[in-house]
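Residues per chain are reported as follows:
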There are 2 protein chains.
Amino acid sequence: MRMRQVVSTFSLAILTVALAIGGGTTVSAETKSIDGPEYDEKGRLVRPENYREWINIGTGIGMVYGPLRDQPGGGQAFTNVFVNPSSYRAFLTSGVWPDRTMFVLEIRHSATVNNSKTGNNGRFQGEVMGIEAHVKDEARFEKGGWAFFNLSMRERSGAMIPTSASCYSCHETNAAVDNTFVQFYPELRDVAKKHGTFKNVPEVF
Amino acid sequence: MRMRQVVSTFSLAILTVALAIGGGTTVSAETKSIDGPEYDEKGRLVRPENYREWINIGTGIGMVYGPLRDQPGGGQAFTNVFVNPSSYRAFLTSGVWPDRTMFVLEIRHSATVNNSKTGNNGRFQGEVMGIEAHVKDEARFEKGGWAFFNLSMRERSGAMIPTSASCYSCHETNAAVDNTFVQFYPELRDVAKKHGTFKNVPEVF
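**Q** Pulling in residues and values, what's your account of the confidence of the model for chain A?
**A** Low-pLDDT stretches of the model should not have their predicted coordinates read in fine detail. The predicted model of chain A averages 83 in pLDDT, with 81% of residues at 70 or higher. Taken together, the stretch residues 1-30 of chain A has pLDDT below 50 and engages in 20 contacts with residues farther than four places along the chain or on a different chain.

Here it is, written out as structure tokens:
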């Protein structure tokens, strides 16, 4: 009896999801993500509330280009790169980013331990300095369907970065897989190489 | 008709999960995770196949204690800390780790970009150097229910680290929340402080 209740509750949840999907455009699980970008009425990209539960595909330090590379007071900033889970799983099986893939780049201060007793001088993560997004949405954007957005932790949504910005041309030229810097994402490098989607890019590292 | 098929398939999946849970001990969603540690017949901890899809709560560099702190050839190693999703969500709402919480520590080489053209000298992640786990399982372990395990990418399971090892006493003394170094996990620091579970530990950073 109790199990029957559990099943009913979950069925209702699934039914809700199915209805939600059915209410929009036709979605094919193979080629479009269902947890990708959402926009507000002004076409601004909505910051996903739960992006920290997305898949972290790579964290680096000192990898930001532009004014946020070095934090005030010295020390390099950390960059955490998250991708929506369904696109991550699609990439693992194909080496290709499906339409409606979304990356969130979280830039954080770094702080140092500097423990004289243990000799540890490592660095760990502090507060958020900035947050950006990179979105593939073929129905909306040129440049291979990709667009960059500025987001913030204070606002619900953020504006698109104009296509004249250097990030577009740099990603197009130097990124190993479809405008994305898969050369810096250790697990995905091997996946792309296995599937033959890893482009030989100029040695930037 | 098609929706009905979808619902039936998912119901079957849920039923399977319910039966799997029902077959073991009684599980309460509030106090025990359902995606936590699994052991083999010898009591060794099984490496979760999908730990990279767990929640990354903090990545640092040079934060390893012991022989893996510095990688061969120089340069500090990265440490990625993942936790099972249901325990992460429980922590967000309570500031407390439920029983059957599991951390995976992935230690990776770091490599540098050293791009003379752009001036980028940041570091990104390379291959896995080591993998360890920290498990809370009150029915199995002393020391507040926590135990450490050595894992590897080559073997399905790994052995428990003896409780005489320094990691136990160091975590017990210096960790901000229940044997875990929440002081290094930026999002969780604030959660623990809000819920009053953040312990004033000696300043190690």
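From this point, the narrative continues.
**Q** Pulling in residues and values, what's your account of the environment of Thr93(A)?
**A** If you trace the backbone, Thr93(A) turns up in helix α2 (residues 85-94). Taking the C-alpha atoms as reference, Thr93(A) lies 9.6 Å from Ala192(A); in sequence the two are 99 residues apart.

**Q** Talk me through the pairing of strand β5 (residues 123-136) of chain B; I want residue IDs and the actual numbers.
**A** Residue and element names in this part refer to chain B. Relative to β5, strand β4 (residues 102-112) runs antiparallel, the two being bridged by 10 bridges. Across the sheet, phenylalanine 103 pairs through a bridge with histidine 134, a residue of β5. In this sheet, strand β6 (residues 146-151) lies alongside β5 in antiparallel orientation, the contact comprising six bridges. Looking across to β6, one finds that isoleucine 131 is bridged to leucine 151.

**Q** Please set out the nonpolar core residue by residue, giving values where relevant.
**A** Residues Ala133(A), Val83(B) and Ala133(B) are the most contacted members of the largest nonpolar core, which totals 72 residues. The contacts of Ala133(A), once residues within four sequence positions are left out, are Leu45(A), Met102(A), Phe103(A), Val104(A), Phe149(A) and Leu151(A).

**Q** Outline the pairing of strand β3 (residues 78-83) of chain B, supporting the account with residue identities and numerical values.
**A** All names here are of chain B. β3 sits mainly inside the fold: six of its six residues count as buried. Side chains of β3 alternate between two faces, with Phe78, Asn80 and Phe82 and Thr79, Val81 and Val83 buried alike. Pairing geometry for strand β2 (residues 55-61) and β3, over six bridges, is antiparallel. Residue pairing across strands places isoleucine 61 opposite phenylalanine 78, the latter belonging to β3. As paired elements, β3 and β4 share six bridges and run antiparallel to each other. When the sheet's bridge partners are listed, threonine 79 is paired in β4 with isoleucine 107.

Rules behind the numbers
Residues numbered from 1 in each chain as written. Chains lettered and ligands numbered in written order. Predicted model: local features only at pLDDT ≥ 70, side-chain atom pairs only at ≥ 80, totals over all residues. pLDDT = per-residue confidence, 0-100. Contact = placed C-beta atoms within 7 Å. Helix = DSSP H or I, 4+ residues; strand = E, 2+ residues; numbered from the N terminus. Pairing = 2+ DSSP bridges. Core = buried A, V, L, I, M, F, W, Y, C linked by C-beta atoms within 7 Å. Buried ≥ 20, exposed ≤ 12 C-beta atoms within 10 Å, placed from the backbone.

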